[in-house]
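Okay, here's what each chain looks like letter by letter:
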Amino acid sequence: MDKTKKLLVMRTRELANPRDILKAPELKKLYADIVKQPAEKRGEFGRAVNDLKRALEAEIERLEAAQQDETIQPIDVTAPCGINEPLPEIMTVDHGSRHPLMTELERVVDIYQKMGFEAIESRQLDDDYNMFTSLNFPPDHPARDSYDSFRTEEGFIPPAHTSTMQNRILKAGRKDLETGKHIATVSYGRVFRNEDPDPTHEHTFYQCEGVFVSRDATLGQMMAVLREFFENYYGQKLNVKTQPAYFPFTEPSLEFLIEKPASLGGKGDGWLEMLGCGMIHPNVLKEADIDPTKYSGFAWGGGIERLVMLKYGIDDIRYFESGKLRFLKEFK
Amino acid sequence: MIISLNWLKKYVDIDVATDELVALIGARLVEVEAAIDLAPKYKDATIVKVEEHHKIDGSDHLNLCQVDVGKKELVQVVCGANNVKTGMLAVWLPPKSVVPETYGTDDEFMLDSRKLMGQMSNGMLASMRELGLGDEHDGIVEIAPDFAKPGDSFAEKFGLNDTLLDIDPKSLTHRPDCFGVIGFAREVAGILGQQFDEPKILASKLKALNAGNLSVEICDTKLCPRYSAAVVDMKEMPKSSGFLTQDDVILCKAGMRPISHIVDVTNRLMLDTGQPLHAFDYDKFVKVGGVKNPKIIVRAAQPGEKLGLLDGKEIIMCEGDIVITSNNVPVALAGAMGGANTEIDKTTRRIIIESASFNLYNLRGTQFRHGIFSEAITRFTKGQPAGLTAPVLSEAVAMTGGRVLDVVDAYPKPVKIKPITVTVEQINAALGTNYIFDDMITTLENVGFKVNINNTAIPIIRKLNAIFDEEERKRGEIPHDHSIQSGVDTLTVVVPWWRTDIHIPEDIIEEVGRLNGYDNIPLKLPTRGYTMVEADELGDLKSKIRQILSSAGANEILTYSFVSERLLNQVGQDPKNSYKIINSISPELQYVRQQILPNLFEKAKENIKDGYEKFALFEMNQVFWKNAGLTNEKVPIQYDNLGVVIIDTKDRGNYYTAKNYVTQLAASLGVDVKFVPRKKSFEVETYFELKRAADLFIGDDYVGNVAEIKNSIADKFKLPHDTAAIEMGVDLILTAVKKSVSEEKFDKKSQFPEVNRDLTFQVKSSLEYAKLEDLIRENLGTQKLWFQINPVSIYQGDDKSTKNISFKLTFASYDKTLNGDEINQIISQITKRAQAQLKAVAV
């Protein structure tokens, strides 16, 4: 069988029309031989013949593609235009659009930067240590399950939260702390969770996360920073409140809520859950070689999609990664 | 999780309105999704007595009943239930009342008086289902004759003037104590600033009565820290009276159903305390084990062991499951469900009640492996404390009403509680508060913590504090922390055994902050110095590129980071070079993408299908491929790429359109870009047509490619032939731009008149355009002129061996107005050089 396969593949390469190989007598004979096999071997033999045919078809396709591409004439790639062709024109600005998620993410990061935070983009493929272990998730801890993270064959993780940068941020800022400065950094970017998409769920989404560490960071400071951010973001004074929460990497842990802003139709009644936050767990500081008896910090993280959906009244999160121009061209 | 407010009130005085309580619980414990007031739902339901009933002629099941509703006149109701009988007490829903089952739903059913089989029927007699208390619909609800009298309010008699709190317990996964009404009530007391009065149940002691018949062996205390069990002789199982009881309604309100005396007792206790219980038939248990004296052995399940469960299903146990055995024969899947072989039935006389604690991680596994999500296992998976088993067992035994024959309490390694030391300063420093010693102690002691202070001066200081504070408060000042001034600032906190979540000082800080209300903490921004924040260079560059490309009419899109094996094969990328997701949602999302462009091809195809004819899509995102290797941190090397695909279904957008985008982008970034014919394909960019592909260089740095994609590949995505695309490394651009910007100089414009000259050269067809342009540039440069070179056209006539390249040159001298001779001199220098070096003939 292997021999026949090699032979036929070789012959395919020599044919002017590679597709003719499917008419080869050897192949016909193999098909005819299937029924002659003893019953118990027939299945296996049949599969092998089919595999052979598939291999030939793949080779035909490759050769046909090569033949097709063969006819292409080279061009002068250094020239401004083709021979006897007009100079190309750039499309006008009215055709263009910027993705609303990216625009909003820029705006969010910009406010934090103006407040004194450095910014770095979060990695999109990371390891278990940064995603979980360094953040005080013991191995097999049930809290890991709720992150529904993906995994590669090698055990790498497309991170389920931008906190995957936290240990790096803390380690990088340790020296600053020792010289009397503080750590103030936001990490932002794309994260992933193993969730079936529906109008309110996506397996791919964006987050922005903040980390602050100093000699005297407090929960009151954290809430003040977050209120400052949202007041800037929505351009109005806002009432804020919290709800207790549980995250392994913060203690205490909170959900942060803001009063529904006027720009979103708020009339001083409703509340919006904006993000999770808390004082950084001493184990997380220790893991970055920061002495939790000397320094304390807070961290928070929230999604970007929700901000955009609220702002524009978008009712289906799946639009964002749909790539549909009908949607995208709405956002100049 | 449903918590009855009436039940809560058994344990704690609630002196605030329900909405305020809900807000406080939300801010200090857990989000209350809804507070459901049952009163309006049941306001019309009335207990009535059936005085008379007879079959309606011509109907096989309808009865005409005259019922006493507590008023002078009897009311006529037609009832189809087969259990209706004269003399019974039933629940009547009068005309104009809404059937509770439908109350608050989109289609509420309002009863009225109407004729059935020619007889007037006023309202109805209700079943459990119609009352919204369960699924039973076989007959109407019957009430014990001595429990109520006609005309009594059903809601009042059965505790339905109640409010149910619907709790989303997702943020309570570390709080097993809150999965019982008592624990929840303790928190409510703490939130309201009250000392919680610990109920007797939790303190009840198991009477040490070991008759020596029953024995318990725990094989691994990690799997099962404690197993308490009692044998109870019931003589005869109390038969169900068939009457609805208050106890039944308690279960119904929590979303459970009354089943049998013993099961109901265990369920009510579980709701109350959070401790799940299980009951075995003692005699079956003994028989299964095959020994005279029953022997409970708790051990890890052997993978492959089988057990028939109470729900009739047979399961095959897996590694990680815990099994309860009778002398090694499985009788229950621990924490999840009992076995059919020891099920309690009508003939049961003696029972074994189990009250145990199990490893939450193991039970989590069991839960997901076997798909069992009962109220019991939900509680076990939060890690019920070992301290709870014995008191609840003792209470259960008492509630069964039977005679205790034997009690065993296996607790080989009792949990030792270590006190936690924390200072007042630590607490205030973390929270940003100014709480005094007393506030902290009261807060903690209210919910069962014991706070020890070794310093005898404390009581005096505490008193002093109170006096000072009172005066300061009167003056409107925030009280100082006098205890710190007195040098006594350390709390030694003994954690109650039910708080399995408290281990470190930060946990105590959380308790103080939370129970006093985080929202009462003053908000104060941290101070910062005036040092510059380091720029996010890559982010800033991406932002610029986004701006430039969208201004050039391109549309930014985002596509998934995961692609299918089919897509990789279509574009000729090797799937083995992609990181493969082992738990992907679908084959469509199984591999991490190696480049941006393949996704853009797919999206371009979809948008063409949607009717768009001319557009450019671009995306900036991270890509990875395996052969790139790992970083020092041993994580995959990350590439920040920009992909652009340019589509023109009418006019054939081609390589030069794409090249123009690159030129534009480079110009806006303030750098020059060089286009160098691409020599060979790179493993992740297999789809470029090499005969029409260029490598891009900024200075000496390679930054990406612009190329047409192979027609064979374009066909696969139904894209126009000669479609061109760009893929660049944004990270590479950043490095290159940083280098070259530092070399950038001000392009000083001359103040003397500019000269325009058109210049056309005939060259060999094979000559690269750039060679000629470079020559002109170099030449004008050496002549110390300000200049611009604009290409006009590239023309080829019938003679295919040559082509004509035309330029428009604009130049000026920096120090004079050029005259005709000088201009000719400049031009002739160029033409001579071109002739000599490139055999280009000026025409």
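Residues numbered from 1 in each chain as written. Chains lettered and ligands numbered in written order. Predicted model: local features only at pLDDT ≥ 70, side-chain atom pairs only at ≥ 80, totals over all residues.

1. What to know about the overall build of chain A
For chain A, the helix and strand inventory stands at 11 helices and seven strands. Over its C-alpha atoms chain A spans a radius of gyration of 29 Å, topping by over 25% the 20 Å that the globule rule assigns to 332 residues. In terms of overall dimensions, chain A has C-alpha extents of about 85 × 60 × 45 Å along its principal axes. Buried positions account for 44% of the 332 residues belonging to chain A. (Helix = DSSP H or I, 4+ residues; strand = E, 2+ residues; numbered from the N terminus. Rg over C-alpha atoms; globule rule 2.2 N^0.38 Å. Buried ≥ 20, exposed ≤ 12 C-beta atoms within 10 Å, placed from the backbone.)

2. Here's the deal with the overall build of chain B
In terms of regular secondary structure, chain B is built from 24 helices and 37 strands. At 42 Å, chain B has a C-alpha radius of gyration far larger than the 28 Å of a compact globule built from 843 residues. Of the contacts made within chain B by residues no fewer than 6 positions apart, 72% connect residues no fewer than 24 positions apart. (Contact = placed C-beta atoms within 7 Å.)

3. A word on the sheet that holds strand 13 (residues 278–281) of chain B
Residue and element names in this part refer to chain B. Ordered in space as 13-20-12-21, the four strands form an open sheet in which the pairing is antiparallel. Either end of the sheet is taken by a strand with one partner, and the two such strands are strand 13 and strand 21 (403–410). This sheet shows a mean twist of 20 degrees between the axes of neighbouring strands, independent of strand direction. Sheet topology note: the strand 13/strand 20 (residues 350–357) ladder contains four bridges and is antiparallel. Bridging from a neighbouring strand, A279 pairs with I353 of strand 20. Most of the contacts of helix 8 (residues 282–289) go to strand 13, to which it runs at about 70 degrees, and overall it touches strand 12 (226–233), strand 13 and strand 20. (Pairing = 2+ DSSP bridges. Axes fitted to C-alpha atoms, helices over the stretch in contact; angles between N-to-C directions.)

4. A short note on helix 7 (residues 261–273) of chain B
Residue and element names in this part refer to chain B. The end-to-end C-alpha distance of helix 7 is 18 Å, a good match for the 18 Å that 13 residues give at a rise of 1.5 Å each. Counting buried positions along helix 7 yields 11 of 13 residues, so the element is predominantly enclosed. I262, D264, V265, T266, N267, R268, L269, M270, L271, D272 and T273 are the residues of helix 7 that are buried. Here the buried face of helix 7 lies against helix 5 (181–191), helix 6 (246–253), strand 13, strand 20, helix 10 (375–380) and helix 11 (389–400). (Expected span 1.5 Å × (residues − 1).)

5. So, the domain arrangement of chain A
Splitting chain A by domain gives domain 1 (2–70) and domain 2 (100–328). Of note, the centres of domain 1 of chain A and domain 2 of chain A, computed from C-alpha atoms alone, are 56 Å apart. (Domains from an automatic or database assignment.)

6. Some details on the packing of helix 13 (residues 437–446) of chain B against helix 16 (residues 505–516) of chain B
Residue and element names in this part refer to chain B. Closest axis-to-axis distance for the helix 13/helix 16 pair is 10 Å, and the angle between their directions is 90 degrees. Judged on the interaxial angle alone, helix 16 and helix 13 are roughly perpendicular. Residues D439, M440, T443 and L444 of helix 13 form the contact with helix 16, whose participating residues are E511, V512, L515 and N516. Here the contact of helix 13 with helix 16 is composed, by residue class, of four nonpolar, two polar and two charged. (Parallel < 35°, antiparallel > 145°, perpendicular 65-115°, else oblique. Nonpolar A, V, L, I, M, F, W, Y, C, P; charged D, E, K, R; others polar.)

7. Overview of the interface of chain A and chain B
In this assembly, 90 residues from chain A lie in contact with 97 residues from chain B. Secondary-structure elements contributing two or more residues to the side of chain A that touches chain B are helix 3 (39–70), helix 4 (100–114), strand 1 (118–121), strand 3 (204–214), helix 8 (219–234), strand 4 (240–245), strand 5 (250–259) and helix 11 (325–328) of chain A. Of the residues contributing to the side of chain A that touches chain B, the split by class is 41 nonpolar, 25 polar and 24 charged.

8. With respect to helix 10 (residues 305–312) of chain A
Residues and elements named next belong to chain A. Along helix 10, the residues that are buried comprise E305, L307, V308 and M309. Packed against the buried residues of helix 10 are helix 4, strand 3 and strand 7 (296–303). One or two residues past the end of helix 10 sits G313, with phi positive at roughly 70 degrees.

9. Examining the sheet that holds strand 24 (residues 490–494) of chain B
All names here are of chain B. Strand order in the open sheet formed by three strands is 22-24-23, with antiparallel pairing between adjacent strands. Of all the strands in the sheet, the pair left with one neighbour each is strand 22 (420–423) and strand 23 (450–452). Each neighbouring strand pair of the sheet contributes to a mean axis angle of 35 degrees, computed without reference to strand direction. Where strand 22 lies against strand 24, four bridges are found, and the strand directions are antiparallel. Considered in strand 24, the bridge of T421 is made with T492. Sheet strands touched by helix 12 (residues 424–431): strand 22 and strand 24. Its angle to strand 22, the strand with the most contacts, is close to 70 degrees.

10. With respect to the environment of D60 of chain B
Residues and elements named next belong to chain B. Among the secondary structure elements, D60 is positioned in the loop between strand 3 (46–55) and strand 4 (63–68). Judged by local crowding, D60 falls into the exposed class, with 7 C-beta atoms found within 10 Å. Between the alpha carbons of D60 and G80 there is a distance of 9.1 Å; along the sequence they are 20 residues apart.

11. Overview of the nonpolar core
L125, I353, V644 and V645 of chain B are the most contacted members of the largest nonpolar core, which totals 303 residues. The greatest single-element share of this core, amounting to eight residues, is contributed by helix 8 of chain A. Setting aside its immediate chain neighbours within four residues, V644 of chain B contacts L549, A554, A616, F618, Y661, A725 and I726 of chain B. (Core = buried A, V, L, I, M, F, W, Y, C linked by C-beta atoms within 7 Å.)

12. Points about the confidence of the model for chain B
Residues and elements named next belong to chain B. In the predicted model, chain B carries a mean pLDDT of 91, and the fraction of residues at 70 or more is 94%. Put simply, helix 15 (residues 482–485) is where chain B has its lowest mean pLDDT, 42, and strand 27 (residues 591–592) is where it has its highest, 98. Predicted complex, confidence summary: ipTM 0.91, pTM 0.86. (pLDDT = per-residue confidence, 0-100.)

13. Points about unusual backbone geometry
Cis geometry marks the peptide bond from E251 of chain A to P252 of chain A, where omega comes out at -5 degrees. Position of P252 of chain A relative to the elements: it lies in strand 5. Of note, the phi angle at K784 of chain B is positive, near 55 degrees, even though the residue is not glycine. With respect to the element layout, K784 of chain B can be found in the loop between helix 23 (769–782) and strand 35 (785–795). Note on K784 of chain B: 9 C-beta atoms within 10 Å, which makes it exposed.

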